[in-house]
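# Structure at a glance
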Amino acid sequence: MKPLTVFKPWNKKTLPKKILVIRFQALGDTVVTLPYLLSLKKQLPQVALHFLTREEVSLIPSEIDLFEKIIIIKGGRNLKLQFFYCLKKIPAFWIERYDIVIDLQNHILSKCIRISLRSSAWSSFDKYSPLSAGERTKLTINALNLCQVKIETDFVMKSERFIISVEEKLAKYALDKSSKIIIINPAGAFESRHWPLENYVTFCKHWIAYDKKIKFVIVGLSSLKKKSLWLKERLGNMVIDLVNETNAVEAFIIVRMAHLVLTEDSGLMHISWVQGVPTFALFGSTRNDWSAPLGEKSLCLNSSDLPCGNCMQKVCQFGDTHCLTRYTPEYVFQQSQKLVQI
């Protein structure tokens, strides 16, 4: 299938001076854009990149050394309020005189902004092709005829403040940069995306039997707390529960330290693979062609081989989520060993 990227390429002999990138939601989808934008910046360091995003997902883009300006739209997840706050900023956008607009959101608000700016060149994200979000992001940027971007994972933080904060939090558990950490992330949004919690316990025990220095870390939002407490009860001191104790940037930094991340489909999964961390994804109903982690250090067990695969249903129609339960902890442990050796 031919990609559906819509664009007007940059045809001038000189490089653009300023580019506006638009991505409003969600955290994982926003993070997916960063390795490709980092590649763009590395190849065209003299071009100023501005990033337009929502307040909710702005912290990581704001703290990495990539953008000259972060423009934050208020209004939460309410589209009408987002429109209101964007309208207030339109005069400031005109003053910036953007040469190029890269619309990595492609919905009604981002399209209105792009059209109103009348930039010399622009490109708009393909929302529907059966390609990964990362690949479609790459195609959107490459369509501008500036350069050919790829995955770049060596992000640099603007300041030390969050790094210091992470070091202080981990020091409480006798962890530092030399510690061997495996992050387990049973954070799938729906029942049809959950690997049984008992399997995580057995998986962790296999790793401990193999390497007694391993520590398991759970990091995420408060919605994960019930699961983290359940795992902590069964695994004791093997597990460090940091659920609801970190912000997005601190989670970003902790993930970068990991030996391995075992994860269901969630924003943390994307935070992992975009940094080149070995990422083992367990997909149930999720479409793997859209969302699977990328890069040579990523592995995704998914449902695409089944007649009901990639169903995107919240609850399994057969009641057993066979697409995930068929993978035993022993098999996942064996495959994870191979992944970390790449």
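Description of the structure in this document. Predicted model, so just to flag it, every value in this text is computed and none were measured. (Residues numbered from 1 in each chain as written. Predicted model: local features only at pLDDT ≥ 70, side-chain atom pairs only at ≥ 80, totals over all residues. Heavy atoms only, no water.)

### Quick look at the packing of aromatic side chains
The cut-off we apply is this: Between the rings of Phe, Tyr and Trp (Trp by its six-membered ring), a pair exists once the centres lie within 6.5 Å; its type follows the angle of the planes, with under 30 degrees stacked, over 60 edge-to-face, and the other angles tilted. Under the scheme used here, helices are H or I runs from DSSP no shorter than 4 residues and strands are E runs no shorter than 2 residues, and both carry numbers assigned from the N terminus. Categorising residues by exposure relies on relative accessible area from a 1.4 Å probe, with only protein chains included: less than 20% of the type maximum marks a residue as buried, more than 50% marks it as exposed, and the intermediate range marks it as partly exposed.
Summed over all chains, the structure comprises eight aromatic pairs. Taken together, a centroid distance of 5.5 Å and an interplanar angle of 90° make the contact between W207 and F333 edge-to-face. Taken together, the residues W207 in helix α7 (residues 197-210) and F333 in helix α13 (residues 329-340) connect sequence positions 126 residues apart. Residue W207 shares its accessibility class with F333, and that shared class is buried.

### Describing the side chain of N288
Put simply, the test is: It only takes one pair of heavy atoms within 4.5 Å for two residues to be counted as in contact.
Counting through the fold element by element, N288 comes out in helix α11 (residues 288-291). Note on N288: relative accessible area 18%, which makes it buried. Once residues within four sequence positions are removed from consideration, N288 is found in contact with F283, N302, S304 and N310.

### Details of the sheet that holds strand β10 (residues 260-264)
Selection criterion: Strand pairing is defined by DSSP finding a minimum of two bridges between the two strands. Angles shown run from 0 to 180 degrees and are taken between the N-to-C directions of axes, each axis being a line fitted to C-alpha atoms and, for helices, limited to the stretch in contact.
As summarised here, the arrangement of the six strands in space is β9-β8-β7-β10-β11-β12, forming an open sheet in which the pairing is parallel. Strand pairing shows two members of the sheet lacking a second neighbour, β9 (239-241) and β12 (298-301), which therefore form its edges. Strand-to-strand, the axes of this sheet are offset by a mean angle of 20°, without reference to chain direction. Pairing analysis gives four bridges linking strand β11 (residues 279-282) to β12, with the strands arranged parallel. Paired with F280 across the two strands is L299, which belongs to β12. Those strands touched by α7 are β7 (181-185), β8 (215-218), β10 and β11, and its axis lies near 170° from that of β7. Of the strands in this sheet, β10, β11 and β12 are in contact with α13, which crosses β11 at around 150°.

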